[in-house]
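# Breakdown of the fold
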Amino acid sequence: MDTLPAIDVFASRTFEVDGEGSLVVRIGRPWLESDGETWRCDVAVDASNGGFQASICGADSLQALILAMQWISVQVECSEENQAGRLSWFGQHEDFGLPPPLPLPALPLTR
């Protein structure tokens, strides 16, 4: 497996898979891009079946952090381990203590 680039870890959480800690999420400290306008927050998911990393953008550091946490929430909920009912956090199999993603706004119906 290729080694993922290091991120400046701001927060992390380890989830248990079958009672063992083997799914780890990491959120990097928000940073300002060289354009002086775009903020980014690097995130990573490390699981027994591999890992991946992304960089989430926001208009400011707080938005980048909130969107990164929501992205992590989606990744955890959709993970292979969770779909198989094998993922838990402090014994919880449904509430992982992460902010849910914002719902999409309702679009007006057109006829």
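As a starting point, this report considers the structure included with it. This is a predicted model, so every value here is computed, not measured.

It is worth spelling out the overall build of the protein chain at this point. When its secondary structure is counted, the protein chain shows two helices and six strands. Starting at the N terminus and ending at the C terminus, the protein chain contains elements arranged as β-β-β-β-β-α-α-β. Across the protein chain, the centroid of the 6 positively charged side chains sits 4 Å from that of the 16 negatively charged ones.

Structurally, the position occupied by Asp42 is in strand 4 (residues 39-47). Here Asp42 occupies a buried position and makes no salt bridge, while the nearest side chain of opposite charge, Arg40, is found at 6.1 Å. Here Ser55 takes part through its side chain, which lies 2.8 Å from a polar atom of the side chain of Asp42. Residue contacts for Asp42: discarding those within four places in its chain leaves Ile7, Arg26, Ile27, Gly28, Trp31, Ala54 and Ser55.

Moving on, we come to unusual backbone geometry. The residue Asp18 is not glycine, and still its phi comes out positive at about 55°. The residue Asp18 is located in the loop between strand 1 (9-17) and strand 2 (20-28) in this model. At Phe90, a residue that is not glycine, the phi angle is positive and equals roughly 50°. Looking at the secondary structure, you find Phe90 in the segment after strand 6 (87-88).

This next bit is on the nonpolar core. Within the largest apolar cluster, 18 residues are counted, with the highest numbers of intra-cluster contacts made by Phe15, Leu23, Val25, Ile27, Ile72, Val76 and Leu87. The set of elements that each furnish at least two residues to this core consists of strand 1, strand 2, strand 4 and helix 1 (61-78). The biggest single contributor to this core is helix 1, with five residues. Every residue in contact with Val76, bar those within four places of it in the chain, is listed here: Phe15, Val25, Asn82, Leu87, Phe96 and Leu98.

Analysis parameters
Residues numbered from 1 in each chain as written. Predicted model: local features only at pLDDT ≥ 70, side-chain atom pairs only at ≥ 80, totals over all residues. Heavy atoms only, no water. Helix = DSSP H or I, 4+ residues; strand = E, 2+ residues; numbered from the N terminus. Lys, Arg positive; Asp, Glu negative; His and termini not counted. Charge placed at Lys NZ, Arg CZ, Asp CG, Glu CD. Buried < 20%, exposed > 50% of the residue type's maximum accessible area, 1.4 Å probe, protein only. Salt bridge = Lys/Arg side-chain N within 4 Å of Asp/Glu carboxyl O. Polar contact = N/O pair within 3.5 Å; in protein donor to acceptor, adjacent residues only side chain to side chain. Contact = heavy atoms within 4.5 Å. Core = buried A, V, L, I, M, F, W, Y, C linked by side-chain atoms within 4.5 Å.

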